[in-house]
Amino acid sequence: MIKASRGETATNQPSEPWLYEQARILGGGSSINGICANRGSPHDYDEWEALGAKGWAWSDVLPYFKRLETDADYDGPLHGQSGPMPIQRHSRARWTGFTRNMAEIFSQMGYQRQDDQNGVWVDGIYPTCINIDQQGRRASTALVYLSPEVRRRTNLAILTEISLNKLIIDGVRVQGGCFTSGGEAITIPARRVIICAGALQTPVLLMKSGIGPGAHLAERGIAVHAARPGVGENLQEHPAVGVAGFLHQAARLSDPETHHLQALLRYSSGMEGTPPGDMHICILSRGGWHAVGRRIGALGCWVNKSYSKGRVRLSDSVDRSADIDFRMLSDPRDMVRLKDAFRLTVRTMIAAQQMGAVHEIFPTGYSRRIRELTRPSRLNAVMTALAGPLMDHSPLVRRRMMSFGVGTQRSPTDLTSDDNLLESHLRQRVAGNWHACGTCRMGNEADPMAVTDSAGHVIGVEGLSVCDASLMPTIPCANLNIPVIMMAEKAAATIRNERL
């Protein structure tokens, strides 16, 4: 975990630090994420090219989206059939009562039922695209790309439990890296290095290695090898908030092994200047792994095309390596749209109450109490196993436990009836979706804020490249799992072509 600032207070100052989980396992985020396998909008990638990322328009990236996948449900010009990543849609036959109720309510509001989240980009209610195989197993990059055959290659060494501290740069060329393994310092020489540490750690590694904002590095006594002011800037996320409800028995997820992100609503805000499908509401059929979580359903809404930008800087503190300020909702367009989305989710949950799918509804937030209660442990399993039946039979117990966990006495209807109160709630409770990106963005070499060229080569340092979500000029309207894999496929093709 790392500590970050999530957004801003009403006085335009960073809010209190919060924990932002990062995967520390082979396969990275793909080994622990929500296995949502959507691509984003064609507009996203055309926008990248317009901002200087030549060769990243929709027509350029579509072949790599197709190359990475084997789609179990669709064939044709938008889908692949021979890639390593298995993709399918969540079967409507396995939807919970809560998911079916939510889809029906959205349909009654006028949103159309659609089938293919990775098909033509239109608004609608979709089954979630997921990357699981036919046996229902998670398909992480560690499993589908690092297959047993690949792991047996004589020119491949996979090292775990090892940390990269900084790169070794001689003049304008990378020469290797300084690592720590088992408490010992190790130097590994290399004439070519590709950093794939993610949007929060890649800029930190570059700055520690002398690549970044010159004045900032000089203040910390770091020799500047390449002054790139864009390193650590342009940090983006999908600002999110939610509304949850305590479910009636018939609406609950009966099989705890069933994927819980079963369906979603993609819709357009209609705000001037925003692209189609700029908003997203996911339908969560359970709120956690434990007995209380299995009794809760939620709607999580986020700004699918956000404009707020934060940054990453090296820290002055000895107990952390970086200061990370997401500054979510700092752009007024994001605040206006998230407020509207919150109101929409409240109307939907009230309709679900009237249908008999849920009991009380309450605003959600990833508070410290919620984090503690959702940490897998025997104690939490026992406590929630005792609490769940009590909550079933006592509305008073439900309300008190939910207020304690969420940390607010305000009801969703209280919040929607007072615009100032709602805005304050969103600033305090806004969270990301672990979709951090943009901090080493690619672009035209003449652009001082570009960190890499369109091939991912770090500008000003020979032999050094980046390939992760930090390259993204703007955040796509998607969970970042599949877009990042697409970028890796495209980068691999570029490397092969450069060697020819």
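Cut-offs used in this document
Residues numbered from 1 in each chain as written. Predicted model: local features only at pLDDT ≥ 70, side-chain atom pairs only at ≥ 80, totals over all residues. Heavy atoms only, no water. Pairing = 2+ DSSP bridges. Helix = DSSP H or I, 4+ residues; strand = E, 2+ residues; numbered from the N terminus. Axes fitted to C-alpha atoms, helices over the stretch in contact; angles between N-to-C directions. Left-handed = near helix turned anticlockwise from the far one by under 90°. Contact = heavy atoms within 4.5 Å. Nonpolar A, V, L, I, M, F, W, Y, C, P; charged D, E, K, R; others polar. Buried < 20%, exposed > 50% of the residue type's maximum accessible area, 1.4 Å probe, protein only. Polar contact = N/O pair within 3.5 Å; in protein donor to acceptor, adjacent residues only side chain to side chain. Parallel < 35°, antiparallel > 145°, perpendicular 65-115°, else oblique. Core = buried A, V, L, I, M, F, W, Y, C linked by side-chain atoms within 4.5 Å.

1. Some points on the sheet that holds strand β9 (residues 184–189)
Spatially, three strands are ordered β7-β8-β9 in an open sheet, and the strand pairing comes out antiparallel. With one partner strand each, in any of the chains shown, β7 (162–170) and β9 form the two edges of the open sheet. Mean inter-strand twist for the sheet, computed between neighbouring axes without regard to direction, equals 25 degrees.

2. Describing the packing of helix α3 (residues 97–108) against helix α8 (residues 332–355)
Interaxial distance between α3 and α8 falls to 10 Å at its minimum, and their mutual angle equals 115 degrees. Handedness of the crossing formed by α3 with α8: right-handed. On the side of α3, the interface is formed by F98, N101, M102, I105 and F106, while α8 contributes T348, M349, A351, A352 and M355. Of the residues belonging to the contact of α3 with α8, the class tally is eight nonpolar, two polar and no charged.

3. Remarks on the environment of I168
With respect to the helices, strands and loops of the structure, I168 is situated in strand β7. Along the chain, I168 and C178 lie 10 residues apart, while their C-alpha atoms are 6.9 Å from each other. Residues within four places of I168 in sequence aside, it is in contact with R173, V174, Q175, G176, G177, C178 and T187.

4. What about helix α13 (residues 419–429)?
What α13 keeps buried is the set L422, H425, L426, R427 and R429. N-cap assignment for α13: the residue whose side-chain oxygen lies 3.0 Å from the backbone N of N420 is D418.

5. Structural notes on the packing of helix α1 (residues 42–50) against helix α2 (residues 58–68)
At a closest axis distance of 8 Å, the pairing of α1 and α2 adopts a crossing angle of 125 degrees. Classified by the angle their axes make, α1 and α2 are oblique. Residues P42, Y45, D46 and E49 of α1 form the contact with α2, whose participating residues are W58, D60, V61 and F65. Of the residues belonging to the contact of α1 with α2, the class tally is five nonpolar, no polar and three charged.

6. Observations regarding the sheet that holds strand β19 (residues 358–364)
Overall, antiparallel pairing links the six strands, which are arranged β5-β14-β15-β16-β13-β19 in an open sheet. Across the chains shown, the open sheet's two edge strands, defined by having one partner strand only, are β5 (124–127) and β19. For this sheet, the mean angle separating the axes of adjacent strands, direction not counted, is 20 degrees. Strand direction decides the pairing type here: β5 and strand β14 (residues 261–267), joined by four bridges, are antiparallel. By the bridge assignment, Y126 is partnered in β14 with L264.

7. Describing the nonpolar core
Core analysis: the largest hydrophobic core is formed by 97 residues, its most contacted members being L206, I211, F326, L464 and M486. Residue contacts for M486: discarding those within four places in its chain leaves Y45, W56, V61, Y64, F65 and L68. Core analysis: the next-biggest nonpolar cluster, separate from the first, contains nine residues, V292, I296, F362 and A387 among them.

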